[in-house]
Amino acid sequence: MTTIETQTQTATPPTLTPHPSIPKIPRGPVTATLNFYQPPPDASKPFNYVEQPPLGHPQRNYSDKEQTLTIDDIRNREAEFNLNTHAFAAVQDVRSQADRALFDDDDAIKRVYYPEVEALLLKATGAKRILLFDHTIRLASPGANRAPVNRVHIDQTTASTAQRVRFHLPEAEAEEALKGRYRIVNVWRPLNPPIVAHPLAFADSTSVPDEAMVGIEHRYPDRTGETAAVKHTDGQRWWYWSGMEEGERLLLQCFDSEGGARVPHSAFIDPRSEEGAGRESIEVRALVFG
Ligand code: OGA
Ligand code: FE
């Protein structure tokens, strides 16, 4: 009796409180707000200036329509989703030679990280050729150069994907490539895992009809591309991947000349995550041939 009581009093209580530097990772379905397309009030063609707009022009002439909805968690269901049907895929246990410091150096990213992305995409898509054409590092902190994008969009459309192919390949090669299958896939990864604040939401391609897509003139200083904004429609199925870890990669297919699966996506504020927590990520954009 006495012995038992003594033991009870002196036993170390289990440590249930996580270390303060390790954020608690919210999991499972979450109710959050996404920004969908709100047309210009004068019914003019929507545009967006990529850089500083010309004097007297707004950055963009359309705005956002908020919609609060349920975003479900693909965690532990990763294998249910694929590029051909849903237009997104989740890859796990990816090894990388790139440490955090490497991502502060654009040349090192191309030298070390690009070949890893190329190998990953060759395997994930079964394609013949990968051409990486761009990457963006995003920081969710005040004054960051490129912040998370809190607006539902798709990076390219049918027109701007063909334009991309012609932009990056010699003319004869481009025309040949455009006769076969060509896709654009982004490979997105965290740089300060796990992802807790500002996660990425993405919609099952089959749940978003073509009527929901709106072409947006994407005005660079020297040329005009096209992105898609997205209207909210009934039945859209939205997903995120809770607590994305270091070895995890999200594949986002923006265009596919065969099958047509494309993924609307947007960063969102997870109301369960702590105010002010940062997010660092890199997305690499790829043309995928064959
Ligand atoms: C993308 C994208 C937004 C973000 O990878 O294409 O839109 O907030 N990313 O990371
Ligand atoms: Fe995007």
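Thresholds applied
Residues numbered from 1 in each chain as written. Chains lettered and ligands numbered in written order. Predicted model: local features only at pLDDT ≥ 70, side-chain atom pairs only at ≥ 80, totals over all residues. Heavy atoms only, no water. Donors = N, O, S within 2.8 Å, 3.2 Å for Na, K, Ca; no water. Buried < 20%, exposed > 50% of the residue type's maximum accessible area, 1.4 Å probe, protein only. Helix = DSSP H or I, 4+ residues; strand = E, 2+ residues; numbered from the N terminus. Pairing = 2+ DSSP bridges. Axes fitted to C-alpha atoms, helices over the stretch in contact; angles between N-to-C directions. Contact = heavy atoms within 4.5 Å. Core = buried A, V, L, I, M, F, W, Y, C linked by side-chain atoms within 4.5 Å. Near = heavy atom within 4 Å. Polar contact = N/O pair within 3.5 Å; in protein donor to acceptor, adjacent residues only side chain to side chain. Areas by Shrake-Rupley, 256 points an atom, 1.4 Å probe, with all protein chains shown as cover. Phe/Tyr/Trp six-rings, centres within 6.5 Å; stacked < 30°, edge-to-face > 60°. Lys NZ or Arg CZ within 6 Å of the ring centre and 35° of its normal.

1. Examining the coordination of the iron ion (ligand 2)
Then, number 1: Bound to the iron ion (ligand 2) on the protein side are His153 (NE2), Asp155 (OD) and His265 (NE2), at distances that span 2.1 Å.
Then, number 2: Each donor residue of the iron ion (ligand 2) belongs to the same chain, with the gaps between them written as H-x1-D-x109-H. Aspartate 155 shares its class with histidine 153; the two are buried.

2. Thoughts on the environment of aspartate 106
Then, number 1: Relative to the helices and strands, aspartate 106 resides in helix α2 (residues 106-125).
Then, number 2: With 83 residues separating them along the chain, aspartate 106 and arginine 189 place their C-alpha atoms 16 Å apart.

3. Overview of the sheet that holds strand β4 (residues 88-91)
Then, number 1: Strand order across the open sheet formed by five strands is β4-β12-β7-β14-β5, with antiparallel pairing between neighbours. A strand with exactly one partner marks an edge of an open sheet, and here the two such strands are β4 and β5 (129-139). If you compare each strand with its neighbour and ignore which way they point, the axes differ by 20 degrees on average.
Then, number 2: Sheet analysis places strand β7 (residues 182-190) next to strand β12 (residues 249-256), joined by six bridges and oriented antiparallel. Counterpart to tryptophan 188 in the pairing with β12 is leucine 250.
Then, number 3: Its contacts with the sheet put α2 on β4, β5, β7, β12 and β14 (280-289), and the angle it makes with β5 is roughly 125 degrees.

4. Details of the nonpolar core
For soluble globular proteins, the rule of thumb is that nonpolar side chains tend to be buried together.
Then, number 1: Phe103, Tyr113, Leu121, Leu132 and Leu251 are the most contacted members of the largest nonpolar core, which has 24 residues in total.
Then, number 2: Counting residues per element, the ones that place at least two in this core are β4, α2, β5, β7 and β14.
Then, number 3: Among the elements that make up this core, the one with the highest residue count is α2 (seven residues).
Then, number 4: Those residues within four positions of tyrosine 113 in sequence are excluded, and the remaining contacts are Ser96, Leu102, Phe103, Ala108, Val187, Arg189, Arg249, Ile282 and Val284.

5. Regarding the site of ligand 1
Then, number 1: Around ligand 1 sit 13 residues, and of these His153, Asp155, Asn186, Trp188 and Arg279 come closest.
Then, number 2: Between an oxygen atom of ligand 1 and a side-chain N or O atom of histidine 265, the distance comes to 3.0 Å.
Then, number 3: Separating an oxygen atom of ligand 1 from a side-chain N or O atom of arginine 279 is a distance of 2.8 Å.
Then, number 4: The protein chains hide 100% of the 290 Å² of surface that ligand 1 would expose on its own.
Then, number 5: Contributing elements (two or more residues each) for the shell around ligand 1: β7, β13 (265-267) and β14.

6. Describing the pairing of strand β3 (residues 63-73)
Side-chain positions along a regular strand alternate between the two faces of the sheet.
Then, number 1: Bridge count for strand β1 (residues 30-38) against β3 is nine bridges, and the pairing is antiparallel. Looking across to β3, one finds that glutamine 38 is bridged to serine 63.
Then, number 2: The pairing of β3 with strand β11 (residues 238-240) spans three bridges and is classified as parallel. Each residue of the ladder has a partner; that of aspartate 73, found in β11, is tyrosine 240.

7. Brief notes about the packing of aromatic side chains
Then, number 1: All chains considered together, the criterion is met by nine aromatic pairs.
Then, number 2: A network of ring pairs unites the aromatic residues Phe81, Phe88, Phe202 and Trp239 as a single cluster.
Then, number 3: One Lys or Arg, arginine 219, reaches over the ring of phenylalanine 47 and ends 4.2 Å from the middle of that ring.
Then, number 4: Stacked on the ring of phenylalanine 167, the Lys or Arg arginine 223 has its end atom at 4.7 Å from the ring centre.

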